[in-house]
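Read off the chains here:
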Amino acid sequence: MTATPTLEVMSPKAYKMTAEPFKRSLKKWAKSSFLWGLVFGFTIIASASSYLSFYPTKTSRELLSKAFGQNLATNAIFGPAYNLDKLAGFIVLKSFFTLIIVGAIWAILSSSKLFRGEEESGLWEHFLSGTTTLRRTYFQVLAGSLVGMAVLWLTVTLVLVAGSYSRHLGLSVSQNCFYAISIISTPVIFISIASLASQIFNSRKAVNVSLGWSFGIFYALRLVGDSGIGLHWLDLISPIGWVELLHPMIEPKPIYLFPIFIFSFLCLTASAVIVGKRDLGQALFDNSLPSKVSKRFLGSDAGFSLYLAKTTLYSWLVSIVLTGAVLGLVSSSAGATLEQSSIKTVFERIGASGNGTQSFLGISFEIVAALFSFMNLGQITSIREYEVAGHLDISLTMPESRLRWITNRIRVTIVAELLAGVACALFTWGFGYLHGGGPSLTTAIFATLNALPPSIFVIGAATLAFGLSPSKTAFVGYFVIGWSMMVEIFAGLGKTSRYFFDTSLYHQMSPYPATKINLVSAITMSAIGLIGTFVGVHFFRQRDIISN
Amino acid sequence: MKIPHTKGRADIGDNMNIAIRCEHLTKKFGNVVALDDLSFEIETGRIIGYLGPNGAGKTTTLKLLLGLIKPTSGCAYIFGMDVQKERIAIHSQISYVPGDNVLWPEMSGMQTLELLGNLHGGTDFEYRNQLVERFNLDPHKKVKSYSKGNKQKVTLIAALMTRPKLMILDEPTSGLDPLMELEFRNCLKNAKENGQTVFLSSHILSEVEAICDDVYILRDGKLVESGKLEDLKHYSTVDISIVFEQGVPDISAIRGVTILASSTDSVHFKFSGNFNELLLAITKNKIRTFLASEPSLEELFISLYGK
Ligand SMILES: Nc1ncnc2c1ncn2[C@@H]1O[C@H](COP(=O)(O)OP(=O)(O)OP(=O)(O)O)[C@@H](O)[C@H]1O
Ligand SMILES: [Mg+2]
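Residues numbered from 1 in each chain as written. Chains lettered and ligands numbered in written order. Predicted model: local features only at pLDDT ≥ 70, side-chain atom pairs only at ≥ 80, totals over all residues. Heavy atoms only, no water.

Engineer: Help me understand the sheet that holds strand β7 (residues 166–170) of chain B in this model?
Structural biologist: Strands pair in a sheet through their backbones, by hydrogen bonds, and they do so in one of two ways: parallel or antiparallel. All names here are of chain B. Strand order in the open sheet formed by six strands is β6-β7-β8-β3-β9-β10, and the pairing between neighbours is mixed. The strands lining the two open edges of the sheet, one partner per strand, are β6 (94–97) and β10 (222–228). The average angle at which neighbouring strand axes cross in this sheet is 15 degrees, direction not considered. The sheet strands contacting helix α7 (residues 178–193) are β3 (47–51), β7 and β8 (197–202), and the helix crosses β7 at an angle near 155 degrees. (Pairing = 2+ DSSP bridges. Helix = DSSP H or I, 4+ residues; strand = E, 2+ residues; numbered from the N terminus. Axes fitted to C-alpha atoms, helices over the stretch in contact; angles between N-to-C directions. Contact = heavy atoms within 4.5 Å.)

Engineer: Could you clarify how one ought to interpret the site of ligand 1 in this entry?
Structural biologist: Residues in close proximity to ligand 1 total 14 residues, the closest being B:G55, B:G57, B:K58, B:T59 and B:T60. Residue neighbours of ligand 1 fall on chains A and B, so the site bridges chains. In the complex, 63% of the free accessible area of ligand 1, which totals 630 Å², lies under the protein chains. Secondary structure elements with two or more residues in the shell around ligand 1: β2 (32–43) and α2 (58–65) of chain B. Ranked by residue count, the leading element in the shell around ligand 1 is α2(B), at three residues. Of the residues contributing to the shell around ligand 1, the split by class is six nonpolar, six polar and two charged. (Near = heavy atom within 4 Å. Areas by Shrake-Rupley, 256 points an atom, 1.4 Å probe, with all protein chains shown as cover. Nonpolar A, V, L, I, M, F, W, Y, C, P; charged D, E, K, R; others polar.)

Engineer: Help me out: how do you make sense of the interface of chain A and chain B in this one?
Structural biologist: How big an interface is tends to be stated in terms of accessible area lost as the parts join. Contact residues are listed per partner, giving 41 residues for chain A and 34 residues for chain B. Carbon and sulfur atoms make up 60% of the area that chain A and chain B hide from each other, which totals about 3,000 Å². Our enumeration of links across chain A and chain B arrives at three salt bridges. For the salt bridge of B:E114 with A:K295, the shortest nitrogen-to-oxygen distance reads 3.3 Å. Run the count over chain A and chain B and you get 13 residue pairs in polar contact (both at pLDDT 80 or more). Elements supplying a minimum of two residues to the side of chain A that touches chain B: α13 (295–298), α14 (301–339), α17 (391–395) and α24 (519–542) of chain A. Partitioning the side of chain A that touches chain B into residue classes produces 16 nonpolar, 15 polar and ten charged. (Buried area = accessible area lost by both parts, 1.4 Å probe. Salt bridge = Lys/Arg side-chain N within 4 Å of Asp/Glu carboxyl O. Polar contact = N/O pair within 3.5 Å; in protein donor to acceptor, adjacent residues only side chain to side chain.)

Engineer: Just to check I follow, could you spell out the pairing of β10(B) for this structure?
Structural biologist: On any regular strand, side chains alternate: one points to one face of the sheet, the next to the other face. Residue and element names in this part refer to chain B. Summarising the sheet, strand β9 (residues 214–219) and β10 pair through six bridges and their orientation is antiparallel. Its bridge partner being in β10, D214 is matched across the sheet by K228. Hairpin geometry of β9 and β10 is characterised by an intervening segment of two residues between the two adjacent antiparallel strands and by a positive phi of about 50 degrees at D220.

Engineer: What is the right way to read the packing of helix α20 (residues 452–468) of chain A against α24(A) from this model?
Structural biologist: A pair of packed helices is captured by two measures, namely the crossing angle of their axes and the spacing between those axes. All names here are of chain A. One way to put it is that α20 packs onto α24 with a least axis distance of 7 Å and a crossing angle of 20 degrees. In terms of orientation, α20 lies roughly parallel with respect to α24. Seen from above, α20 lies across α24 with left-handed handedness. In terms of residue class, the contact of α20 with α24 is made up of 16 nonpolar, eight polar and no charged. (Parallel < 35°, antiparallel > 145°, perpendicular 65-115°, else oblique. Left-handed = near helix turned anticlockwise from the far one by under 90°.)

Engineer: Please explain helix α9 (residues 275–282) of chain B as it appears in this structure.
Structural biologist: Residues three or four positions apart in an α-helix share a direction because the helix packs 3.6 residues into each turn. All names here are of chain B. All buried positions along α9 are accounted for by L278, A281 and I282. Angularly, the buried residues of α9 cover 90 degrees about the axis, an arc narrow enough to put them on a single face. Across α9 from its buried face, at more than 90 degrees, point the exposed residues N276 and L280. On its buried side, α9 packs onto β11 (238–244), β12 (257–262), β13 (266–271) and β14 (287–293). Of the residues that open α9, the one with a side-chain oxygen 2.8 Å from the backbone nitrogen of N276 is N274. (Buried < 20%, exposed > 50% of the residue type's maximum accessible area, 1.4 Å probe, protein only. Arc of directions from axis to C-beta.)

Engineer: Mind showing me how you'd approach the packing of aromatic side chains here?
Structural biologist: By the definition in use, this model includes 30 aromatic pairs over all chains. Measuring from ring centre to ring centre gives 5.1 Å for B:F40 and B:Y216, while their planes differ by 45 degrees; the resulting arrangement is tilted. Highlighted residues: B:F40 in strand β2 and B:Y216 in strand β9, separated in sequence by 176 residues. The exposure classification of B:F40 matches that of B:Y216, with both residues buried. Joined through ring pairs, the aromatic side chains of A:F297, A:F304, A:Y307, A:Y386, A:W405, A:F466, A:F540 and B:W104 make up one cluster. Lying over the aromatic face of A:F466, A:R543 brings its terminal NZ or CZ to 4.7 Å of the ring centre. Taking the ring centre of B:Y127 as reference, the NZ or CZ of B:R163 above it sits at 3.8 Å. (Phe/Tyr/Trp six-rings, centres within 6.5 Å; stacked < 30°, edge-to-face > 60°. Lys NZ or Arg CZ within 6 Å of the ring centre and 35° of its normal.)

Engineer: Mind showing me how you'd approach the environment of A:G536 here?
Structural biologist: Residue and element names in this part refer to chain A. On the secondary structure map, G536 appears in helix α24. Note on G536: relative accessible area 0%, which makes it buried. Placed 76 residues apart in sequence, G536 and G460 show a C-alpha to C-alpha distance of 7.6 Å. Residues within four places of G536 in sequence aside, it is in contact with T463, L464 and G467.

Engineer: Even after reading the chapter, I still don't get the confidence of the model for chain B, so can you show me in this structure?
Structural biologist: Close reading of the predicted structure is inappropriate where its pLDDT is low. All names here are of chain B. Here chain B averages 87 in pLDDT, and 88% of its residues register 70 or above. Counting interchain partners and residues more than four positions distant, the pLDDT-below-50 stretch residues 1–14 has 17 contacts. The ipTM assigned to the predicted complex is 0.82, against a pTM of 0.77. (pLDDT = per-residue confidence, 0-100.)

Engineer: Would you take a moment to explain the pairing of β6(B) for this structure?
Structural biologist: All names here are of chain B. Of the two faces of β6, both are covered, the one formed by I94 and Y96 as well as the one formed by S95 and V97. Here four bridges tie β6 to β7, and the two strands are oriented parallel to one another. Bridge pairing in β7 links S95 to M167.

Engineer: What exactly am I supposed to notice about the packing of helix α6 (residues 87–120) of chain A against helix α9 (residues 173–200) of chain A here?
Structural biologist: Residues and elements named next belong to chain A. Where α6 contacts α9, the two axes come as close as 8 Å, and the packing angle between them is 30 degrees. As judged from the angle between their axes, α6 and α9 are roughly parallel. Where α6 crosses over α9, the handedness of that crossing is right-handed. Tallied by class, residues from the contact of α6 with α9 come to 17 nonpolar, ten polar and one charged.

Engineer: Can you walk me through the nonpolar core in this structure?
Structural biologist: Of all hydrophobic cores here, the largest spans 127 residues; its most connected members are B:I20, B:I78 and B:F199. It is helix α16 (residues 356–388) of chain A that provides the largest number of residues to this core, a total of 14 residues. Not counting the four nearest positions on each side in its chain, B:I78 is found in contact with B:A19, B:I20, B:L65, B:V83, B:I90, B:I94, B:L166 and B:I168. Counting residues in each nonpolar core, the second largest holds 73 residues, with A:F40, A:F97, A:W106 and A:M249 among its members. (Core = buried A, V, L, I, M, F, W, Y, C linked by side-chain atoms within 4.5 Å.)

Engineer: Mind showing me how you'd approach a nonpolar patch on the surface here?
Structural biologist: Residues and elements named next belong to chain A. A surface patch of nonpolar side chains, about 570 Å² in accessible area, is lined by V422, L426, F427, L441, I445, F446 and L449. Elements that contribute at least two residues to the nonpolar patch include exactly α18 (402–434) and α19 (441–450). Per element, the largest residue contribution to the nonpolar patch is four residues, and it comes from α19. Within the secondary structure, L441 sits in helix α19. (Patch = residues over 30% accessible without salt bridge, like charges linked within 9 Å, V, L, I, M, F, W, Y side chains within 5 Å.)

Engineer: Help me out: how do you make sense of the side chain of A:S305 in this one?
Structural biologist: All names here are of chain A. Tracing the backbone shows S305 in helix α14. Of the polar contacts made by the side chain of S305, one reaches the backbone oxygen of A302; its length is 2.7 Å. Excluding residues within four positions of it along the chain, S305 makes contact with N408, R409 and V412.

Engineer: Please explain the state of the cysteines as it appears in this structure.
Structural biologist: In a disulfide, the sulfur atoms of two cysteines are held together by a covalent bond. Residues and elements named next belong to chain B. Tallying each qualifying case throughout the model produces zero disulfides over all chains. Looking at the unpaired C187, the closest cysteine sulfur is the one in C212, lying at 15 Å. Residue classification places C187 among the buried residues on the basis of a relative accessible area of 0%. (Disulfide = S-S within 2.5 Å.)

Rendered as structure tokens:
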């Protein structure tokens, strides 16, 4: 025995070769890429199966195509529908848009954490205490992210190929491959923007906000582009527009991969240039001057909890209000088309009847419910992040009880949700009214109220996890929401057991105003949410506080 | 497991000069025993050094005392109050400096001090401003733009400015430069004159020697030594290397010398005796270089107890 293992570990060469940042980044991406890949893949297969069972004949398919294909309102929100008389077209209509949104949100949250959050929390300092440079760390994190995208692509492709083979969907391998490429395009774009934003801003919060705005702007551009008022060129300047223009499955236009590639490449190159010039913890816009903080935010823990949450909550408020406004604007025209279309049967399967506008709002408010759920979950996971960062060690050694501390946090969450709810109802009603249609104010208010119970359930589930097994807080929360969304998409299928559907929060929520509010479900979900919260808080008061 | 239950506030009521009392504290994290049946008592008005190598269980003890984590068994009292059950009452009388920096990066030093002052209550504003000056801190920058030492200053000022009855400090001087460390020692001296109690953890022997009245030494979750510093002088071993111009004088007879290595012109030894005696002996020959350093705690433990 000549060399001891300790010596090997300590040698500078070993430090130089460290691939810790890459491994860490890959581990984070690969796991979630694989899971999302399965979810995406199965969602697509499920929508394909539902098409085959609902529209078995050529006539029924043509009818669907006629009715849905020309609806400008749904075009604007969900993207234009092509070739609905073919399976491929229907698949894209049913799944592509959702996957773009989910892919974007997932990529934004994960990459802002990896590219800025972990630098901010001091993790990168550990990497750099070896001989790894900032630049190398950055490239390793990026490489991990891109390999993660490859995992996503592979998973989706495999599920699609296997699914279309076993269900005799008749989709070719190249169709499936290209659809998978289209699906990973959105996350790739947002990873690139996140990497750049992380060089521009030196807090994860600022990165998240800037990404949220980019997403909003890209989406709005293509929304106007697709709204049929002769501004189609707007699609061409929006990265989300490019993704849509790929037209996977139907008539693939790989040419639009070109702007996507150039755009991502430019973002990444700019990031690489800045990262080579800046220091750890710094950014292009380095504002080391603190902003003024009003005294009332620093005067008590209640004020401080509001201070910590307010930036994020503003952003959510804006997105929810905008969603409400758009829904109000398009509800009457979307409803009119729905009325005479056979797609109504799809909605009927999920329990939405009534007139067109009501059906449309009933389904659309499930989106609002999902937004509320994400907003609340973000608040509870930020409580967990506060603990991991060690801030809780300070807060809980002040003369204030744990109960009081967590109550302050949850109260901010609930008050913010109620405010967002009121604003959403007002905007849905107001914009509908301006457009000469839409729901009455009472309907809008009840529709919003009806969208709250799932998000209260989410608070309960996440708080329970926070009390019992804090490191699982985010996982449990996202699982509940993700599962519910997936099951609700499956619901269009109409053939699986209803007990299965009942596990979805958004299926439990009745599609008011298309049907009556299901008070029993609403109360049950809220009650479970409250009980989960109480039990979670109870365990939080007893458990160890563990920071990183 | 049986723990003798002597507690209850009434019974310690006549013992109000006890600031901290641990009774058979044990803390396990899964299979790891971080603290093993720890018992001790600390009187008020003293500065206590809590020493131990990395991973000894210092931070774990402090967090138990603060009620942040729960003991697996045993219990602890601060001013006679149960640390698990009477957290609020206890926390209003103590302040805590965490081992890692855990401040809010986006806030300025002053905003942080205001927040913490308001949350704790009882800030002596004049003293706070004086501390900011003494520590030479620019309080109007964002915390994240501070260096490690400057961040540390913010938490130290926050802990001192409310003049609590007990301060629990986890490696309070980490990151401070020698000048600031001196300033900090002065602050602790003032605190002691005020009748405040200080419980500070460290793994640097000399630091504790300079500030503390009593020392408690922890290793692998067990208390290995405790008492007044003077009684523990045998810990103050120095590691000395000398290179002579020619020939090494005989020092092996001096009390407290343990020779580790020697050659014709140089000698390396541990020393824990009277320095005058040593100096007289070595200056007989011309010295080329002289290097004296304090052994790390871990080295001390190895030499004292074996591995
Ligand atoms: N949350 C935890 N989970 C698992 N093990 C832990 C946890 N916290 C501490 N430990 C373990 O308990 C032991 C004591 O740790 P502690 O942090 O108290 O040491 P310390 O004396 O403060 O060391 P240092 O000088 O490095 O700060 C270590 O072995 C550590 O690995
Ligand atoms: Mg420690």
